[in-house]
Each structure stands twice: as C-alpha cells, then as structure tokens.
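Analysis of the macromolecular model
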Amino acid sequence: MHVTGTVPPPAPAPQDIPGGPAHPDGTSDGTGRRTRRFGLPVATALVMGNIIGGGIFLLPASIAPYGTISLVAFGVLTVGAIALALVFGRLAERDPRTGGPYVYAREAFGDFAGFLAAWAYWITTWVSNAALAVAAVGYLDVLIPVGEHRWTACLAALVIQWLPALANYAGTRYVGAVQVVSTVLKLVPLLLVAVGGLFFFDSDNLGPFQASGESAMGAVSAAAAILLFSYLGVESAAVSAGEVRDARRTVGRATVIGTAGAAVVYLLGTLAVFGTVAHGRLVESGAPFSDAVNGMFGGAWGGWAVALAALVSMTGCLNGWTLLSAQTSYAAAKDGLFPAPLARKRRGVPTVGVGVTVLLASLLTVYNYAFGTARVFETLVLVTTFTATVPYLLATAAQLYHLVSGQRDRVERGRLVRDMIIASVAAAFSLWLVAGAGYQAVYQGVLFLFGGVLVYAVMAARKQRAATVTADR
C-alpha cells in the first residue's frame, strides 16, 4: 500500500540516510555501533504512553457539567484522532526517517515549513515536560509530603524530570523498557476502574444527557473544547520512525493501535466514573477516579492508588516526550536548521538534545518555584496548546499536497478517494485543535513562531554559507 494513494518516489532506505541503520535490526549511533530498534510493542507503548498523561484523572469531572452528551464529543474527537493517526502512518510509509512532522513538512514545502514544524514541536515538548513535572509533584505530595516547602517541591520536580532523562541517556533499549513498563503500570489501574466500574454501574448516577442547558451542538462543542488536547502524542511513533524496526509498516500500525487503545481507556474510564459517582458530586469532584475507587470498594485508599497511578503515568510521559524532543531537534540539526551539536547521537539517542530539553525544562521549573508566581509559567503552557497544533496542520497539509499533486492515472480511484477523505478529516481535526487553543494561546503562540523566524534566518544563512564554501572547493 502506498503512503498517499499515489505511486511515490522511493524514499531513501534507512541505511542510506546519515545516522541511519547499517543493519535491519539496529540503528547507527553515529559511531558505527549498532543500537537496538523499537518493535511494534514499544512503538505502540510510546504512542499510548504519550497520549495518556495525568490529565485523564481529571477528565470526567471536567466534562461532567455538560452531561453524558460529552461522550458524543469524545466519539467525534476519536474519529479525528484516528484519521490523524492514519495520515501519520501513510506519511511514515513514504518517508520513514526520524523527525515525523518536521520531515513531512520539509519534504513537501521546503526548509522554512520544516523548521516551523520542528521549532513549534520542540517548544511544545520541553515546556510540557516542565508542566508535567510540576503537576506530578502534586500527586507525589499525596504519597510523600514534599509540598510543604516550595524548594522541597522544586527539588522533587527536578528529580522527576531527570530520572526519565537518565533512562534516555542509557540508550533506546532502556527508553523502550521504561516506556513499556510505565504504560502497563498506568493502564492496569485505569482498566481495573473501567472494567470494575461495570459491576458497580448505576444509571441513576449518570444525571441528565444534556446538563448545561445549551443546544446539543453547543454542548458537544463546549465539551470538545476541553477534550481537544486529550490526543496530543498521536505523532509519537512517527517522530521516532528512524529508531523503529520496519518503520514503513510498524509506525502506521503502532500509531493507529496506540491511538485506538488510548481512546478505549479514555471512553471506558470516563463512562465508569460517570456510572459510579453521582452526577452532582462528580461536577464538584477534584479527584473523580479516587471517588470512583472509594465508591466501588469502600474506604479512603482510592486517593493513594490514583496518585500512584498518576505519578507513574506522568513519569512515562516525561520519558517519551524527552525522547521526542531530542529526536525532533536531531532531525532538524542533521539538515542544518538547528545547531549542529544537537545532531550528536549515542546509543541511538540524541544525547545533546536530551540534555538541552531537560535543562530548559528544569530552568523553567526553577523559575516557577523561585518567583512564587505561576503567571509566566501558565503563559508558556498556554502557548503550547497552540504550538502543538502547528506540526499536525503542516503534516496533514503535506499529505494533501502529495495526494493532489500525485499522478492520478497511476492510482486506483478508490484508494485516492479514501486517502483524500482521511486526510481531509485529519486536516479539519487539526484546524479544530488550532481553534480550540483559544485567542490568547494563538496570539502568544504566533509570537513564539515569529521568534523562531529569526532563528531560522541565522541557521539558513549559515547553511547557505557552508554550501557556498563547499562549492568553491
């Protein structure tokens, strides 16, 4: 099956790409040594682990004010997310190199579009890591009192960031192991609540189908605005395609399976909480999964169990997002669009990229605690709700570009129509994400993108000068 519904020009084989593998079961770390590659289970865990973060533990309470009609919004968003997953699978089949959206945007539209995708995604990853670490401290405080003093909390947040970074430094083998273990550990309690909730399900707890008093369309749209970012991370396997075994097949399968798996966990978990916690209580709940566990099994140990699950979930996310941040900057650096040191690899992992990611996230974390105000921190997190959508939109645009510019006479019409429909749905979903970020996030996010334009000007000039010097020789 061709990626775009067209007969694409053959992409370079992985072993022909600088830094690519010299053997089907291993990748080059830049020194000629082979490193272990991700198979389907690890690639799927990377997708699921990055999609399912700590936010799932608050989702049921966030959408409860709209009633059970919010589950309809979940279903609509799931269709969009699956369409986006299929697009990433097609694009990875066409070009299975590390970098994901960056690679696709650059191939279709040139260096500038590729740089914008990489720049926006890179900002999203390290700022999100800081936000994840700070949020994780709140759950850690339930288990160990670390929040009594801000510097104790800050130290805990830094430790939570650096432990996954150390796993990354150990190499792709350990990154994959941590991702699989953390994904299993987070899914087990979530699925227990989801499945266990079926035995304690009481339809009287569901409350009204439409509780907000708005029109059906208004309620679905309002709930969707809260849920829009639940599927961020769908691109995870595509970003690390260069480290995935048989990427042309595996990335697409892992992306779809991981996204569908996350959707099942989201929907079943939310439905279980809806059916076990009374609607009036759920609307006011600050820990809906804890309330569900306590309601099902009695006692007050649900808070501890959920806090532990959330902590594991966030640690797994940090492990995956640290890798994706480093992989994105690595891909751009290999093409001369990011500083050259970011292209250094060891044991299959861009070590400089990992270091820069965790350092920037750590500085942002320290700033947050040092100044005792979350204003700047919250602003940056808000910006990422927009910057995260830029690579998605550029990637779907690249897919549409390949479809429209393809040689239609060499394609089965049914395949072309199918891929065009999928790409159009994914594009609509990406635009919905942009709109859902809100005016303030879009405004501030565009300023960050314009700041990147200045960086691009410098890097493009240096790249051009190096090319000129080489030509003169």
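This one's a predicted model, so the numbers in the text were calculated from it and none came from an experiment.

Quick look at the side chain of Glu 235
Tracing the chain through its elements places Glu 235 in the loop between α8 (216-227) and α9 (236-239). Overall, the relative accessible area of 0% leaves Glu 235 in the buried class. Among all residues touching Glu 235, those that are not within four sequence positions of it are Phe 88, Pro 101, Tyr 121, Trp 321, Leu 324 and Tyr 392.

Quick word on the nonpolar core
Grouped together as the largest cluster of nonpolar side chains are 138 residues, with contacts concentrated most on Ile 52, Phe 57, Tyr 104 and Phe 338. With 19 residues, the single largest contributor to this core is helix α5 (residues 111-143). Residues contacting Tyr 104, with those up to four places away along its chain left out, are Phe 88, Leu 91, Ala 92, Asp 95, Ala 238, Ala 395 and Ala 398.

Points about the pattern of salt bridges
Taken as a whole and assessed by the stated rule, the structure comprises nine salt bridges. In this structure, Arg 106 engages Asp 335 in a salt bridge whose closest nitrogen and oxygen atoms are separated by 3.4 Å. One end of the pair, Arg 106, is in helix α4 (residues 101-109); the other, Asp 335, is in the loop between α13 (302-334) and α14 (351-370), and 229 residues separate them in sequence. Connected through salt bridges with shared partners, the residues Arg 106, Asp 111, Asp 335 and Lys 463 form a single ionic network.

Examining α5
A turn of α-helix holds 3.6 residues, and therefore any two residues three or four places apart point the same way. Along its 33 residues, α5 runs 48 Å from first to last C-alpha, staying within 8% of the 48 Å computed at 1.5 Å per residue. Among the 33 residues of α5, 24 are classified as buried, and the element is accordingly described as predominantly covered.

Some remarks on a nonpolar patch on the surface
A contiguous nonpolar patch, built from Leu 191, Val 195, Leu 198, Phe 199, Phe 200, Phe 297 and Trp 301 and spanning about 760 Å² of accessible area, is present on the exposed surface. If you tally residues by element for the nonpolar patch, the top one is helix α7 (residues 172-199), at four residues.

A short note on the packing of aromatic side chains
Scanning the entire structure with this criterion turns up 13 aromatic pairs. When the ring of Phe 115 is compared with that of Trp 119, the centres are 5.8 Å apart and the planes differ by 20°; the resulting orientation is stacked. One end of the pair, Phe 115, and the other, Trp 119, are both in helix α5, four residues apart, so they sit about a helical turn from each other. On the basis of relative accessibility, which here comes to 14%, the residue Trp 119 falls in the buried class. Aromatic rings pair up to connect Phe 112, Phe 115, Trp 119, Trp 122, Trp 126, Phe 338 and Tyr 456 into one cluster. The ring of Tyr 330 has Lys 345 sitting right over it, with the charged end atom 4.5 Å from the ring centre.

Describing the environment of Val 277
Within the secondary structure, Val 277 is located in the loop between α10 (247-276) and α11 (279-284). Using a relative accessible area of 2% as the deciding quantity, one classes Val 277 as buried. Residues Val 277 and Pro 288, spaced eleven residues apart in sequence, show a C-alpha to C-alpha distance of 7.7 Å. Contact partners of Val 277, with chain neighbours within four places excluded, come to Asn 205, Leu 282, Pro 288, Asp 291 and Ala 292.

Looking at the side chain of Thr 255
Mapped onto the elements of the fold, Thr 255 is located in helix α10. Thr 255 sits in the buried class, given a relative accessible area of 0%. Those residues within four positions of Thr 255 in sequence are excluded, and the remaining contacts are Val 47, Ala 85, Phe 88, Val 234 and Ala 237.

Some details on the confidence of the model for the protein
Overall, the prediction assigns the protein a mean pLDDT of 80, with 87% of residues at 70 or greater. The lowest-confidence element of the protein is strand β1 (residues 26-28), averaging 46 in pLDDT; the highest-confidence one is α4, averaging 91. Here residues 1-33 scores under 50 on pLDDT; set against residues more than four positions off or in separate chains, the count is 81 contacts.

Notes on helix α12 (residues 288-297)
Counted residue by residue, α12 has eight buried out of ten residues, so it is predominantly covered. All buried positions along α12 are accounted for by Pro 288, Phe 289, Ser 290, Asp 291, Ala 292, Val 293, Asn 294 and Met 296. Where α12 ends, the next residue or the one after it, Gly 298, has phi of about 80°, a positive value.

Here's the deal with the environment of Gly 452
Among the secondary structure elements, Gly 452 is positioned in helix α18 (residues 439-472). Taking the relative accessible area as the measure of exposure, Gly 452 reaches 0% and is therefore buried. Spatially, the C-alpha atoms of Gly 452 and Ala 118 are 9.9 Å apart, while their sequence positions differ by 334 residues. With residues near it in sequence (within four places) discarded, Gly 452 still touches Phe 115 and Trp 119.

A look at the packing of helix α3 (residues 70-94) against α8
Remark: α3 packs on α8, axes separated minimally by 8 Å, with the N-to-C direction vectors making an angle of 60°. For the element pair α3 / α8, the angle class is oblique. Pair α3 / α8 crosses with right-handed handedness. For the pair α3 and α8, contact is made by Ser 70, Val 72, Ala 73, Phe 74 and Leu 77 and by Val 220, Ala 223, Ala 224 and Leu 227, respectively. Its residues assigned to classes, the contact of α3 with α8 shows eight nonpolar, one polar and no charged.

As for the packing of α7 against α12
With their axes 11 Å apart at the nearest point, α7 and α12 run at an angle of 50° to one another. Between α7 and α12, the angle falls in the class oblique. The handedness of the crossing between α7 and α12 comes out as left-handed. Here α7 contributes Leu 190, Val 193, Gly 196 and Gly 197 to the contact with α12, which in turn contributes Phe 289, Val 293 and Met 296. Residues belonging to the contact of α7 with α12 are distributed by class as follows: five nonpolar, two polar and no charged.

Some words on unusual backbone geometry
Most peptide bonds take the trans form, and the phi angle of most residues other than glycine is negative. One non-glycine residue, Asp 246, lies in positive phi territory at about 50°. Tracing the backbone shows Asp 246 in the loop between α9 and α10. On the basis of relative accessible area, Asp 246 is assigned to the partly exposed category, the value being 40%.

The rules behind each value
- Residues numbered from 1 in each chain as written.
- Predicted model: local features only at pLDDT ≥ 70, side-chain atom pairs only at ≥ 80, totals over all residues.
- Heavy atoms only, no water.
- Helix = DSSP H or I, 4+ residues; strand = E, 2+ residues; numbered from the N terminus.
- Buried < 20%, exposed > 50% of the residue type's maximum accessible area, 1.4 Å probe, protein only.
- Contact = heavy atoms within 4.5 Å.
- Core = buried A, V, L, I, M, F, W, Y, C linked by side-chain atoms within 4.5 Å.
- Salt bridge = Lys/Arg side-chain N within 4 Å of Asp/Glu carboxyl O.
- Expected span 1.5 Å × (residues − 1).
- Patch = residues over 30% accessible without salt bridge, like charges linked within 9 Å, V, L, I, M, F, W, Y side chains within 5 Å.
- Areas by Shrake-Rupley, 256 points an atom, 1.4 Å probe, with all protein chains shown as cover.
- Phe/Tyr/Trp six-rings, centres within 6.5 Å; stacked < 30°, edge-to-face > 60°.
- Lys NZ or Arg CZ within 6 Å of the ring centre and 35° of its normal.
- pLDDT = per-residue confidence, 0-100.
- Axes fitted to C-alpha atoms, helices over the stretch in contact; angles between N-to-C directions.
- Parallel < 35°, antiparallel > 145°, perpendicular 65-115°, else oblique.
- Left-handed = near helix turned anticlockwise from the far one by under 90°.
- Nonpolar A, V, L, I, M, F, W, Y, C, P; charged D, E, K, R; others polar.

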